[in-house]
Amino acid sequence: MAKYLLLKHYRHSGPKPVPGTEAMMDQWTPDEITAHIEYMRRFAEKLTESGEYVSGDALSPEGTFVRYDGEGRAPVTDGPFAETKDLIAGWMIIDVESQERAYEAAAELSAAPGAGGRPIYEWLEVRPFLADPAATAE
């Protein structure tokens, strides 16, 4: 088994959406948002039943960069660099048998409904977790 991170990006970042699916979530009706979230929940339940689901969640659009800048000082900024709050909408961690299975799961997740109940054909970034060198040395 290998863990993979499925990153959901905001629609204005990454590859262009499939024509007809450009509407951002803030333009969807409450029922469309509910249907989208319900699809995600059912997908997580399906992966839980197969033993492949680890965790996942949606992210709020708020966020700030903070770093250590000496004793008692924590600089806080809202730019000028690209921030994850502008890029990452949510994530799911899965633990699957192969990279191909991770791609299959991401493709199914990509079909979550959007405006008008149509699949949004969302691009998902699939990233493997680094293997623990101590575990692979045994």
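First, a word on what this report is: a plain description of the structure on this page.

**Quick notes on the environment of His36**
For step 1, the next point in the chain: Of note, His36 is situated in helix α1 (residues 30-49).
For step 2, the next point in the chain: Considering only alpha carbons, one finds His36 and Gly117, 81 residues apart in sequence, at a separation of 8.2 Å.
For step 3, the next point in the chain: Excluding anything up to four places from it in sequence, His36 contacts Lys8, Met25, Trp28, Ala112, Pro113 and Ile120.
For step 4, the next point in the chain: For His36, the side chain forms a polar contact with the main-chain oxygen of Pro113, separated by 2.8 Å.

**Brief notes about the packing of α1 against helix α3 (residues 99-109)**
When two helices pack together, their arrangement is given by the angle between the helix axes and by the axis-to-axis distance.
For step 1, the next point in the chain: Close contact between α1 and α3 brings their axes to 11 Å; oriented N to C, the two are set at 155 degrees. Taken together, the axes of α1 and α3 lie roughly antiparallel to each other. Read as a crossing pair, α1 and α3 show a hand that is right-handed. Counting all contacts with α1, which are made through Tyr39, Met40, Phe43, Lys46 and Leu47, the residues of α3 involved are Arg101, Ala105, Glu108 and Leu109.
For step 2, the next point in the chain: Among the residues forming the contact of α1 with α3, the class breakdown is six nonpolar, no polar and three charged.

**Concerning the pattern of salt bridges**
For step 1, the next point in the chain: Applying the stated criterion across every chain yields a total of eight salt bridges.
For step 2, the next point in the chain: With a closest N to O distance of 2.2 Å, Arg41 and Glu38 form a salt bridge. One end of the pair, Arg41, and the other, Glu38, are both in helix α1, three residues apart, so they sit about a helical turn from each other.
For step 3, the next point in the chain: Its relative accessible area of 39% is what places Arg41 among the partly exposed residues.

**Notes on the pairing of strand β5 (residues 88-96)**
Within a regular strand, side chains alternate between the sheet's two faces.
For step 1, the next point in the chain: Most of β5 sits inside the fold, with eight of its nine residues counted as buried.
For step 2, the next point in the chain: Strand direction decides the pairing type here: strand β1 (residues 2-9) and β5, joined by eight bridges, are antiparallel. Following the sheet pairing, Lys3 is matched in β5 by Asp95.
For step 3, the next point in the chain: Inspection of the sheet shows strand β2 (residues 53-58) paired to β5 by five bridges, in the antiparallel sense.

Thresholds applied
Residues numbered from 1 in each chain as written. Predicted model: local features only at pLDDT ≥ 70, side-chain atom pairs only at ≥ 80, totals over all residues. Heavy atoms only, no water. Helix = DSSP H or I, 4+ residues; strand = E, 2+ residues; numbered from the N terminus. Contact = heavy atoms within 4.5 Å. Polar contact = N/O pair within 3.5 Å; in protein donor to acceptor, adjacent residues only side chain to side chain. Axes fitted to C-alpha atoms, helices over the stretch in contact; angles between N-to-C directions. Parallel < 35°, antiparallel > 145°, perpendicular 65-115°, else oblique. Left-handed = near helix turned anticlockwise from the far one by under 90°. Nonpolar A, V, L, I, M, F, W, Y, C, P; charged D, E, K, R; others polar. Salt bridge = Lys/Arg side-chain N within 4 Å of Asp/Glu carboxyl O. Buried < 20%, exposed > 50% of the residue type's maximum accessible area, 1.4 Å probe, protein only. Pairing = 2+ DSSP bridges.

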